[in-house]
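Summary of structural features
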Amino acid sequence: MNLNWTDAFNNLVPSLLQGVVVVLQTTISSFLIAVVVGLLVAICRLTQLKIVKGFFATLVEIVRGTPLLVQLFYIYYVVPLILDNILKSMGNSSANIQFSAVAAGIAGLSINYGAYISEVFRSAILSIDDGQKESGLALGFTYYQVLWKIIIPQAFANSIPVLGNYLVMMIKDTSLLAIISVSELLLRTQTYASQTFETIESYTILAGVYLLLSLPLSQLMKLLEKKMKVLH
Amino acid sequence: MEEIMMSVKSISKSYGSNLVLKDVSMDIKKGEVVCIIGPSGSGKSTFLRCLNLLEIPTAGDIIFQDQSILNGKIKVNKYRQNVGMVFQGYYLFNLKKVIDNITMAPRSLNKKKKELAEKEACELLDKVGLLEKKDVYPSSLSGGQKQRVAIARALAMDPELLLFDEPTSALDPELVGEVLKVIKKLANDGMTMIVVTHEMGFARDVADRVIFMEGGYIVEQGTPKEIFENPQNLRTQEFLARIL
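This report concerns the structure included in the present document. Not measured: the values here are computed from a predicted model.

Some thoughts on the nonpolar core
Grouped together as the largest cluster of nonpolar side chains are 89 residues, with contacts concentrated most on A:I117, A:L185, B:M6, B:F47, B:L51 and B:I194. Filtering out sequence-adjacent residues up to four positions away, B:I194 remains in contact with B:M26, B:I28, B:V34, B:I36, B:L48, B:L51, B:L161, B:L162, B:L163 and B:F164. Core analysis: the next-biggest nonpolar cluster, separate from the first, contains 48 residues, B:I102, B:L124, B:M193 and B:V206 among them.

Details of the pattern of salt bridges
Residues and elements named next belong to chain A. One pass over the full model with this rule turns up 18 salt bridges over all chains. A salt bridge links K133 to D130, with the nearest nitrogen and oxygen atoms 4.0 Å apart. Residue K133 and its partner D130 are located together in helix α5 (residues 130-139), separated by 3 residues, close to a single helical turn. Of the residues examined, D130 reaches a relative accessible area of 48% and is grouped as partly exposed. A single salt-bridge network, built from bridges that share partners, covers R45, E61, R64, E119 and R122.

Description of the interface of chain A and chain B
Listed per partner, the contact involves 22 residues of chain A and 23 residues of chain B. Where chain A abuts chain B, roughly 2,000 Å² becomes buried across the two surfaces, and 64% of that area is made up of carbon and sulfur atoms. Ranking the residues of chain A by area buried against chain B places A:A138, A:L139 and A:L231 at the top, with a combined share of 32%. Our count for the chain A to chain B interface comes out at 1 salt bridge. At the junction of chain A with chain B, the criterion picks out 4 residue pairs in polar contact (both at pLDDT 80 or more). At the level of elements, α5 and α6 (143-173) of chain A are the ones that each hand at least two residues to the side of chain A that touches chain B.

As for helix α3 (residues 68-89) of chain A
For the α-helix, the turn length of 3.6 residues means that residues three or four positions removed from each other point alike. Residue and element names in this part refer to chain A. With 22 residues, α3 should cover 32 Å at 1.5 Å per step; its first-to-last C-alpha distance of 30 Å lies within 8% of that length. Residue I75 marks the point of greatest curvature in α3, where the axis turns by about 40°. The complete set of buried residues in α3 reads L68, Q71, L72, I75, Y76, P80 and D84.

Calculation notes
Residues numbered from 1 in each chain as written. Chains lettered and ligands numbered in written order. Predicted model: local features only at pLDDT ≥ 70, side-chain atom pairs only at ≥ 80, totals over all residues. Heavy atoms only, no water. Core = buried A, V, L, I, M, F, W, Y, C linked by side-chain atoms within 4.5 Å. Buried < 20%, exposed > 50% of the residue type's maximum accessible area, 1.4 Å probe, protein only. Contact = heavy atoms within 4.5 Å. Salt bridge = Lys/Arg side-chain N within 4 Å of Asp/Glu carboxyl O. Helix = DSSP H or I, 4+ residues; strand = E, 2+ residues; numbered from the N terminus. Buried area = accessible area lost by both parts, 1.4 Å probe. Polar contact = N/O pair within 3.5 Å; in protein donor to acceptor, adjacent residues only side chain to side chain. Expected span 1.5 Å × (residues − 1). Bend = angle between axes of the 7 residues up to and from the residue.

Dropping the structure here:
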């Protein structure tokens, strides 16, 4: 086998470093939005209002029942077309809506992970002992104060291990954004490999970069988990 | 004539067709200590929970300081600030240090300054004998210590009335004493309290009045002497014979 590691390293790695910045930016923004979306959806699903409950339950099922890849396609290619058509039917014939690839990617990841994270929060909130709520009420807090000051902080703390897991998954799932032309790691590698035919080297380096990104995070999560255990 | 703090007027509570509290009435005077005893399932806890509206009675009325708390005109959360409650399961906030458990409600509800709230919390912790635990997390406390912190937490809102829902039932026998001692101290300080308990010795020692409940009714009430030494009702006699 005639492998040219030096060449691959020297030429691919600088490009991948730029890709890492894209991955981190996308992951951090998507994850923060997903956590907020997840929390809000979880709370909406825990209200007594049947319509609100049903609406968000259906939404979560739709998102969880379709692949992330299809969702990304849909947001990037289909949603602009739909909006275009709506605008045209309203008499605006020059409409030509397009999302930036990164924005579409962030939207897709946020919605998809938001749906899963909402389930994490929902079960975490439900698992908090009713006595916590009652002791808060008995002190004179209102229901919403109890929810935000007592229940949600505890539910959030209990969710940290699972959230950490999702964060690591999301870093890896940013590779799907290659298909909507976000120049993240996979797309850069693909381009490089197809130009140089250093396929083995390129994709091995790519896998290594993903490992380097996710391993420290998993370790950090383990540490956090240990810290949280002390409180129980 | 002593001032009546709370007047319960024939309240009932049912879950669907299951009537768990039947036409219960009682008055509690300022400074009085009332112990409620009775077999499990007799409605004692439900009754207690009705008093701070954790359960809403399905009939009857409760008058607190000359005002109905059931006519919808009062703010329930404001009312509850006057009526502390201590639960069987402690329910401390486990993400917060002991001191923050105690200062949380006064700081956030009464807008007390941190320094003042902490100073008062330290006094309360001293009172329940746990000042040295102020900076630990609840998970490192024993059951008895947790319950004493829970009492301090309830006291921090400076309530008029304190409700205890079987405060020692979840404790190991050797830890029961330390909690009862704290409650006794409060009684001596003149705190108005209603205590649902299975500790007959405690009820006999501390209560001004003992109420025996069974099947959702108040079967009999009187001074500890009357109830424990000379119960009139057959069911009270049977209950006491079973457990004493």
